[in-house]
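Notes for the structure review
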There are 2 protein chains.
Amino acid sequence: MQINVIKIGGNVIDVEEKLQGFLKSFAALEGPKVLVHGGGKIATRMAADLGIETKMVEGRRITDAPMRDVVTMVYGGLVNKNIVARLQSLGCNAVGLTGADGGAILSIKRPVKTIDYGYVGDIVEVRSSWIQKLLLDGVNPVFAPLTYSKEGEILNTNADTQASAVAKSLAGEAEVNLIYCFEKRGVLLDAENNDSVIPVLNSEAYAKYREQGVIYAGMIPKLDNAFEAVRSGVRKVIICEADDILQAVRGQAGTTIE
Amino acid sequence: MQINVIKIGGNVIDVEEKLQGFLKSFAALEGPKVLVHGGGKIATRMAADLGIETKMVEGRRITDAPMRDVVTMVYGGLVNKNIVARLQSLGCNAVGLTGADGGAILSIKRPVKTIDYGYVGDIVEVRSSWIQKLLLDGVNPVFAPLTYSKEGEILNTNADTQASAVAKSLAGEAEVNLIYCFEKRGVLLDAENNDSVIPVLNSEAYAKYREQGVIYAGMIPKLDNAFEAVRSGVRKVIICEADDILQAVRGQAGTTIE
């Protein structure tokens, strides 16, 4: 079995046209597939409309109890269920899940060291056997970036990490591609030029580009995570634009990390 | 296989203590089970907080587009996912669903005759094979009162009707009990006396009590629906308090309709 695990972020979710285009491509993608979506700006807007303050500590967003309710509503309800209903209408049988559903992804509330992040989950375990069973039945999981603790709390969870954890857990039994949709066409040689995509990146080339300063800043943790996923058994990680997933899985767009 | 399909309404969801008590009983209930929950007052409160007006026409609530977003968030997200996470912590493997998930419950947007109800769904089809498959895998569906149209829209759906449709669809393959949790202990001989529960009600007795005016008003459509479910193959319908479900499935509490 080959499984594609695809992550989209706020830049896709917030723009109706982009989302519809992406969902069409996702529905058209053959074989078993999993979608993990981020949050987008709707939660921030909803919190503001409800008079809930977005708390930041040292530049990091804190998920206090009212904000946890907002992300549970918006990510787990509004965004997730609308994506699922639209995929159904596009002929793709999807099921919208959080980590709590079917006990799919168990977390612990992040321990307080210097910062108390609040209701944020660090993933402990993925019940991949159930995700596989859904896929074998032709049902494609669509995950909101939420997990749960054994105490029965919903926990806000980083969507990139969640996608990677799901992909790694499935890698034991299947050939898994992990596809990060991104606002650029891939990893670029020149950050200003969207046509300068590096088609394939291995760890030697990555080390070289880092040394040269070609790859820098926010791309470094992203790529470190990608290489870590490959070392953990994921066949390849692809970084591409949401529009390009059909080409990217065939190696015709984006950057493939292997 | 014996399956219990249980419906709880706002009176349970809105009171933390009641909800926790009910969830403990639900988790303790043996065998495959399905929960259908109503909305409660949180959606109305949330709409008010967001400055969304609750529209009524001839005393009936209308689901316009902003209100549909609110119920999708609150029923499908906040209420549903918190119930699921809490059931997990109580040792009950639950999955939170709307009708869109797995294509479980397809509706049509209610046609406009005299009133345009907006985004309200009338159920067309329940994909019971998938619900059965989940139950056989030991995963208990928890449905929010939301379904979907083939056009990919989420539709607000009456929870009583949804519970009944799920129960009837499963009745072909299993012995199904449909349990409506209610603010009273059952169908009462004297509406003012919670100890006057009628333990068993058949259609002859129901006709007699209606004639005598013992059963009246809001109980009539509720009971008409219950008898209709029994005629459609549901083994029995039980009307009881949320606290009493464990006794009620053994015929030791509530009113059994057969």
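If you're wondering where the values come from, they're calculated on a predicted model, not measured in any experiment.

About the criteria used
- Residues numbered from 1 in each chain as written.
- Chains lettered and ligands numbered in written order.
- Predicted model: local features only at pLDDT ≥ 70, side-chain atom pairs only at ≥ 80, totals over all residues.
- Heavy atoms only, no water.
- Pairing = 2+ DSSP bridges.
- Helix = DSSP H or I, 4+ residues; strand = E, 2+ residues; numbered from the N terminus.
- Phe/Tyr/Trp six-rings, centres within 6.5 Å; stacked < 30°, edge-to-face > 60°.
- Buried < 20%, exposed > 50% of the residue type's maximum accessible area, 1.4 Å probe, protein only.
- Lys NZ or Arg CZ within 6 Å of the ring centre and 35° of its normal.
- Axes fitted to C-alpha atoms, helices over the stretch in contact; angles between N-to-C directions.
- Parallel < 35°, antiparallel > 145°, perpendicular 65-115°, else oblique.
- Left-handed = near helix turned anticlockwise from the far one by under 90°.
- Contact = heavy atoms within 4.5 Å.
- Nonpolar A, V, L, I, M, F, W, Y, C, P; charged D, E, K, R; others polar.
- UniProt positions renumbered as here; feature names shortened; annotations may be inferred.
- Polar contact = N/O pair within 3.5 Å; in protein donor to acceptor, adjacent residues only side chain to side chain.

**Structural notes on the sheet that holds strand β1 (residues 2-8) of chain A**
Residues and elements named next belong to chain A. The eight strands are arranged β5-β8-β2-β1-β11-β13-β14-β12 in an open sheet whose pairing can be described as mixed. Looking at strand neighbours, the two that pair on one side only are β5 (94-97) and β12 (200-201), the edges of this open sheet. Taken together, the four bridges between β5 and strand β8 (residues 140-143) define a ladder with parallel strand orientation. The residue of β8 that forms the bridge with Val95 is Pro141.

**As for the packing of aromatic side chains**
All names here are of chain A. Applying the stated criterion across every chain yields a total of four aromatic pairs over all chains. With a centroid separation of 5.0 Å and an interplanar angle of 20°, the aromatic rings of Tyr206 and Phe227 are classed as stacked. Linking Tyr206 in helix α7 (residues 203-212) with Phe227 in helix α8 (residues 219-231), this pair joins segments that are 21 residues apart in sequence. With respect to burial, Tyr206 and Phe227 carry one shared label: buried. Just above the ring of Tyr119 sits the side chain of Lys109; from NZ or CZ to the centre is 4.9 Å. The ring of Tyr117 carries the charged tip of Arg110 above its face, separated from the ring centre by 4.8 Å.

**A word on the pairing of strand β2 (residues 33-37) of chain B**
Residues and elements named next belong to chain B. Within β2, five of the five residues are buried, which leaves it mostly tucked inside the rest of the structure. Here β2 shows a buried face lined by Lys33, Leu35 and His37 and a second buried face lined by Val34 and Val36. With five bridges connecting them, strand β1 (residues 2-8) and β2 associate as parallel partners. Within β2, the residue paired with Ile8 across the bridge is His37.

**A word on the packing of helix α3 (residues 42-49) of chain B against helix α4 (residues 65-89) of chain B**
Residue and element names in this part refer to chain B. As a packed pair, α3 and α4 sit with axes 9 Å apart at the nearest point and diverge in direction by 130°. Relative to α4, the element α3 is oriented oblique. Every pair of crossing elements has a handedness; the one defined by α3 and α4 is right-handed. Facing Ile42, Ala43, Met46 and Ala47 of α3, the residues of α4 in contact are Met67, Val70, Val71, Val74, Tyr75, Leu78 and Val79. Each residue belonging to the contact of α3 with α4 can be placed in one class, and the counts come to eleven nonpolar, no polar and no charged.

**Thoughts on the UniProt feature "site: Transition state stabilizer" (unreviewed entry) in chain A**
Residues and elements named next belong to chain A. UniProt's feature table lists "site: Transition state stabilizer" (unreviewed entry) at Lys7 and Lys222, given in the numbering used throughout. With the annotated positions falling across 216 residues, the maximum pairwise C-alpha distance of 12.6 Å places them together in a single cluster. For Lys7, the position within the fold is in strand β1. Judged by its relative accessible area of 10%, Lys7 is buried. Look past the residues within four positions of Lys7 in its chain and what remains in contact with it is Val36, Ala159, Asp160, Ala163, Ile179, Tyr180 and Cys181. Of the polar contacts made by the side chain of Lys7, one reaches the side chain of Asp160; its length is 2.7 Å. Structurally, Lys222 can be placed in helix α8.

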